[in-house]
Amino acid sequence: MGSSLFKIDDIGTGTAAEKLESKHSKTSTADMLVQINSKAKHLLTKIKDDLGHNTHVDFVTAGELSIHQFILYFATLFGKCNVYISSWAIKEEPARVLLSLVQDGTIQKLYGVFDYRIKTLDAKHFQLIEKAFSAYALTKNHSKVVIIESETLSLVIVSSANLSNNPRIECGFISTIDKTVQFHKEWMTEVLNGKTVY
């Protein structure tokens, strides 16, 4: 199965992402959900409808949807959950979204694997990362993976996108196949526990 926010003929027409306005850290989860644009909501709803146990859904975004919006949507849908994130970069807005989900109890535990340069490249909001994440590791990382675990369903998102607003084509897949979810959870847990890459 696959879900797309555009037709192949639309590539190159200059459609820009509708970026969320950065709000203060007290923005409610409900307010953040309202801010997701209509094309993105359509794709998320379609993916949700295609997902079940042991399913795989491919997606492409055309710059209309960011990974933190996937997290916001599915974490809110599932209720209390644990989240594992691997990303080369994380910008302020995604960090604030994650912190808000932790503060309101939607995300119970939040774990991260980031590139070691994030501390200097994203230094302005690194404190948000330290406040939001239960544990994180800084290493040589370029992977972009999100795992959302809940009592009802667990999924993994593997994509080309970092945790940022990016008006570019991004693609990937969402899988609820347990073997795939566990594969990514195992390597991320190993890195969180101190395994070195090189």
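Predicted, not measured: the structure shown is a model, and the values here were computed from it.

**Observations regarding the overall build of the protein chain**
- When helices and strands are tallied, the protein chain shows seven helices and eight strands.
- Counting only residues that meet the buried cut, the protein chain has 49% of its 198 residues in that class.
- The long-range fraction of contacts in the protein chain, counting pairs at least 24 apart against all pairs at least 6 apart in sequence, stands at 78%.

**What to know about the pairing of strand β8 (residues 171-175)**
- Relative to β8, strand β2 (residues 56-60) runs antiparallel, the two being bridged by five bridges. Pairing of F59 across the sheet is with G172, part of β8.

**Quick look at the nonpolar core**
- If you look at the biggest cluster of nonpolar residues, it comprises 42 residues, and the most contacted ones within it are F70, F74 and I85.
- In terms of residues, this core owes the most to one element, helix α3 (residues 67-78), which gives eight residues.
- In terms of nonpolar packing, the next biggest core, distinct from the first, is built from 10 residues, V113, I147, V156 and V181 among them.

**What about the side chain of T55?**
- By secondary structure assignment, the location of T55 is in the loop between α2 (38-50) and β2.
- Polar contacts involving the side chain of T55 include one to the main-chain carbonyl oxygen of G52, which spans 2.9 Å.
- Beyond its immediate sequence surroundings of up to four residues, T55 is in contact with D50, I174, S175, T176 and I177.

**A word on helix α4 (residues 92-103)**
- Spanning 12 residues, α4 covers 16 Å between terminal C-alpha atoms, matching the ideal 16 Å at 1.5 Å per step.
- Along α4, the residues classified as buried are E93, P94, A95, V97, L98, L99, S100 and L101.
- Downstream of α4 by one or two residues, G105 has phi in the positive range, about 85 degrees.

**Considering the environment of K144**
- On the secondary structure map, K144 appears in the loop between β5 (135-139) and β6 (145-150).
- K144 sits in the buried class, given a relative accessible area of 11%.
- Here the alpha-carbon distance between K144 and I157, two residues 13 residues apart in the chain, equals 8.2 Å.
- Those residues within four positions of K144 in sequence are excluded, and the remaining contacts are S86, W88, I157, V158, S159, S160, A161 and N162.
- A polar contact of 3.0 Å, which involves the side chain of K144, links it to the backbone oxygen of H142.

**Description of the pattern of salt bridges**
- Evaluation of the coordinates by the stated rule reveals five salt bridges.
- Put simply, D115 and R117 hold a salt bridge, and the shortest N to O gap is 2.9 Å.
- Judged by its relative accessible area of 3%, D115 falls in the buried class.
- When the shortest N-O distance is used, the salt bridge between K195 and E190 registers 3.2 Å.
- On the accessibility criterion, E190 (39% relative accessible area) is partly exposed.

Procedures and definitions
- Residues numbered from 1 in each chain as written.
- Predicted model: local features only at pLDDT ≥ 70, side-chain atom pairs only at ≥ 80, totals over all residues.
- Heavy atoms only, no water.
- Helix = DSSP H or I, 4+ residues; strand = E, 2+ residues; numbered from the N terminus.
- Buried < 20%, exposed > 50% of the residue type's maximum accessible area, 1.4 Å probe, protein only.
- Contact = heavy atoms within 4.5 Å.
- Pairing = 2+ DSSP bridges.
- Core = buried A, V, L, I, M, F, W, Y, C linked by side-chain atoms within 4.5 Å.
- Polar contact = N/O pair within 3.5 Å; in protein donor to acceptor, adjacent residues only side chain to side chain.
- Expected span 1.5 Å × (residues − 1).
- Salt bridge = Lys/Arg side-chain N within 4 Å of Asp/Glu carboxyl O.

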